[in-house]
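The chain contents come next:
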Amino acid sequence: MTTQAFLCRDCLAIGKIANSIDRCPTCGSPRVLRHPELLKLSVAHIDCDAFYASVEKRDNPELAGKPVIIGGGTRGVVATCCYIARQSGIRSAMPMFQARKLCPNATIIKPNMAKYVGISRQIRAMMDTLTPLVEPLSIDEAFLDLSGTEAVHRAPPVLVLARLARDIQNVLGITVSVGLSHNKFLAKIASDLDKPRGFAVIGQAETLDFLAPKPISLIYGVGKVLTETLRRDGFVTIGQLQQHPDEDLMRRYGETGARLARLARGQDVRRISSTREEKSVSSETTFNHDLSTFEPLSTELLRLCERLSERLKAKKLTADTVTLKLKSTGFRLRTRARHLMIPTQLANILYETGQQLLAREIDGTAYRLIGIGVSGVHNALQGDPSDLLEPAIARKAAAERAMDHVRGRFGRDAVVRGKLYRPKTEPTGPGPTDETEGKAR
Ligand code: DCP
Ligand code: MG
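This is a predicted model, so every value here is computed, not measured.

A. Molecular detail of the overall build of the chain. Tallying secondary structure elements over the chain gives 15 helices and 16 strands in all. Counting only C-alpha atoms and orienting by the principal axes, one finds that the chain spans roughly 85 × 55 × 45 Å. Every one of the 441 residues in the chain was classed for burial, and the buried ones make up 47%. A separation of at least 24 residues holds for 66% of the contacts in the chain among residues at least 6 apart in sequence. Here the chain has roughly 21800 Å² of accessible surface; of this, 53% comes from carbon and sulfur atoms.

B. Region of the structure containing the packing of helix H13 (residues 294–314) against helix H14 (residues 347–359). Remark: H13 packs on H14, axes separated minimally by 8 Å, with the N-to-C direction vectors making an angle of 145°. Here the hand of the crossing between H13 and H14 comes out right-handed. Residues Phe294, Leu297, Ser298, Leu301, Leu302, Cys305, Glu306, Leu308, Ser309, Leu312 and Lys313 of H13 pack against Ala347, Leu350, Tyr351, Gly354, Gln355, Leu358 and Ala359 of H14. Its residues placed into classes, the contact of H13 with H14 shows 12 nonpolar, 4 polar and 2 charged.

C. Here's a closer look at helix H4 (residues 113–128). End to end, H4 covers 22 Å across 16 residues, agreeing with the expected 22 Å (1.5 Å per residue, within 8%). Looking only at H4, the buried set comprises Tyr116, Ile119, Ser120, Ile123, Arg124, Met126 and Met127. Along the axis of H4, the buried residues cluster in a sector spanning 160°; they form a single face. Opposite the buried face of H4, at more than 90 degrees from it, the exposed residues are Ala114 and Arg121. Of the surrounding elements, those touching the buried residues of H4 are strand S4 (43–48), helix H1 (51–59), strand S5 (68–72), strand S8 (134–138), strand S9 (141–145) and helix H6 (157–172).

D. Local environment of the domain arrangement of the chain. Each domain of the chain was delimited in the assignment, giving domain 1 (1–34), domain 2 (35–205), domain 3 (216–264) and domain 4 (280–437). Measuring from the centre of the C-alpha atoms in domain 2 to the corresponding centre in domain 4 gives 33 Å.

E. Region of the structure containing the site of ligand 1. What surrounds ligand 1 is a group of 14 residues, the closest being Asp47, Ala50, Thr80, Tyr83 and Arg86. Aspartate 140 is positioned such that a nitrogen or oxygen atom in its side chain is 2.8 Å from an oxygen atom of ligand 1. When contributions to the shell around ligand 1 are tallied by element, the ones reaching two or more residues are S4, H1, strand S6 (77–81) and helix H2 (83–86). When its residues are assigned to classes, the shell around ligand 1 shows 6 nonpolar, 2 polar and 6 charged.

F. The coordination of the magnesium ion (ligand 2), seen in detail. Donor atoms from the polypeptide that coordinate the magnesium ion (ligand 2) comprise Asp47 (OD), Cys48 (O) and Asp140 (OD), at 2.0 to 2.3 Å from the metal. All donors to the magnesium ion (ligand 2) come from one chain, and their sequence spacing reads D-C-x91-D. Placement of aspartate 47 in strand S4 and of aspartate 140 in the loop between S8 and S9 is noted, with a sequence separation of 93 residues between them. Each of the two residues, aspartate 47 as well as aspartate 140, counts as buried.

G. Broad picture of the UniProt feature "binding site: Mg(2+)" (unreviewed entry) in the chain. Within the UniProt annotation, "binding site: Mg(2+)" (unreviewed entry) is assigned to Asp47 and Asp140. Spanning 94 residues, the named residues form one tight spatial group whose C-alpha atoms are at most 5.7 Å apart. When near neighbours in sequence (up to four residues on either side) are disregarded, aspartate 47 contacts Asp140, Glu141, Val176, Ser177, Ser191 and Lys195. Taking relative accessible area as the criterion, aspartate 140 reaches 15% and is therefore assigned buried. Residues in contact with aspartate 140, not counting those within four places in the same chain, are Ile46, Asp47, Cys48 and Phe51.

H. Spatial organisation of the environment of alanine 114. If you trace the backbone, alanine 114 turns up in helix H4. In this structure alanine 114 comes out as exposed when scored by relative accessible area, which is 63%. As for alanine 114 and leucine 350, which are separated by 236 residues in sequence, their C-alpha atoms are 27 Å apart.

I. Inspection of the sheet that holds S5 at higher detail. If you trace the 3 strands from one edge of the open sheet to the other, you get S6-S5-S7, paired in mixed fashion. The strands lining the two open edges of the sheet, one partner per strand, are S6 and strand S7 (107–109). Averaged over all adjacent pairs, the angle separating strand axes in this sheet is 35°, with direction ignored.

J. Geometry of the pairing of strand S2 (residues 14–18). The sheet contact formed by strand S1 (residues 3–8) and S2 spans 5 bridges and is antiparallel. Following the sheet pairing, threonine 3 is matched in S2 by alanine 18.

Calculation rules
- Residues numbered from 1 in each chain as written.
- Chains lettered and ligands numbered in written order.
- Predicted model: local features only at pLDDT ≥ 70, side-chain atom pairs only at ≥ 80, totals over all residues.
- Heavy atoms only, no water.
- Helix = DSSP H or I, 4+ residues; strand = E, 2+ residues; numbered from the N terminus.
- Buried < 20%, exposed > 50% of the residue type's maximum accessible area, 1.4 Å probe, protein only.
- Contact = heavy atoms within 4.5 Å.
- Areas by Shrake-Rupley, 256 points an atom, 1.4 Å probe, with all protein chains shown as cover.
- Axes fitted to C-alpha atoms, helices over the stretch in contact; angles between N-to-C directions.
- Left-handed = near helix turned anticlockwise from the far one by under 90°.
- Nonpolar A, V, L, I, M, F, W, Y, C, P; charged D, E, K, R; others polar.
- Expected span 1.5 Å × (residues − 1).
- Arc of directions from axis to C-beta.
- Domains from an automatic or database assignment.
- Near = heavy atom within 4 Å.
- Polar contact = N/O pair within 3.5 Å; in protein donor to acceptor, adjacent residues only side chain to side chain.
- Donors = N, O, S within 2.8 Å, 3.2 Å for Na, K, Ca; no water.
- UniProt positions renumbered as here; feature names shortened; annotations may be inferred.
- Pairing = 2+ DSSP bridges.

Rendered as structure tokens:
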């Protein structure tokens, strides 16, 4: 009789179980996890189920069993919807009018961000009691590294995680899904496999076979453009990348190819780094004369992005949220933020994002100050900058790093972007530049 390690997600019984038995021998529940590597794996990703919608359903029992959409507000799109509403085809980011058409009887609720942030913090606090290595990715998800915690908890990571999922449900009234594996890439994929209220495991032994039939777009950072390039070259599944010689992938796609080859095999060396202090870094400048048009504001923005990027690079940091700050002549403050899919330290990306945010604020208002800041700061892994995954970004990154190299050798003014070039005698210029670093919010 062959046996396997098992864990019951209801009564939390743990032990060995015969392969032929599919219910918990203690409580009879079918929610049994079984896997040969169940007691060895320690990297987890946890993601709340239909987060905003779950919170609203928790707070209004009349909504139980009914379709609920969270959205509207200023953006006019769906933020999320519950799993019942998803059966009608509604998805995040869909225009509200389309969602209403798909499910006319859905209850629509405007997002209450303060409430969701509060619950997110409570979940985080529960995670922090289990390991110092908690890395939040967004408001409703985080990586946890539970390696080496078995002695403290007197329980293997899988049991600690099942307890956590149960406690979050009992204490906070919302459900989460857990992915357990041997690295971040696979743990994140796993948490999505069994949603909602899921728990999925991807072991070392099945990594290659698990990934082989999956589409290449499952690899983080592979966006529409790269997917299309690879499809044209005959690569559709991850298995096709596995079968292809690494050297040829590198010859065709450079650094991106090397990275694709590694991830296709499920190799990911990124560590889980806790950003316990939600750090923010920013640069801002006050003008000698107020500015109201795009071009001069954009020129100042570029200068600030270069300084900010320089500081991030020096400290080996990347960040995933960019915030533009503007202060009007009447001292009214505007801040506009955008989340990036791939964390960055590049001036080019900061500038592109900042410009998009700036363009919407050009409405005749005269500004006396512009600032650009980042938060969601992570340690950049040496030799593994995530900007190398998407070729369009990789090209900009390569150009920027070449420029940094020249500046490193010959000084900051050795290369000056055309937009920032000013003859030395020109009298006007910006006022003082402030650089700050601290806790976000
Ligand atoms: N969100 C948003 N706009 C989007 C995507 C998400 O405002 N385009 C918000 C609402 C979500 C929350 O972020 O509740 C978390 O995002 P997820 O992608 O994790 O989505 P959900 O938690 O809602 O659903 P799932 O069960 O698929 O994780
Ligand atoms: Mg979620």
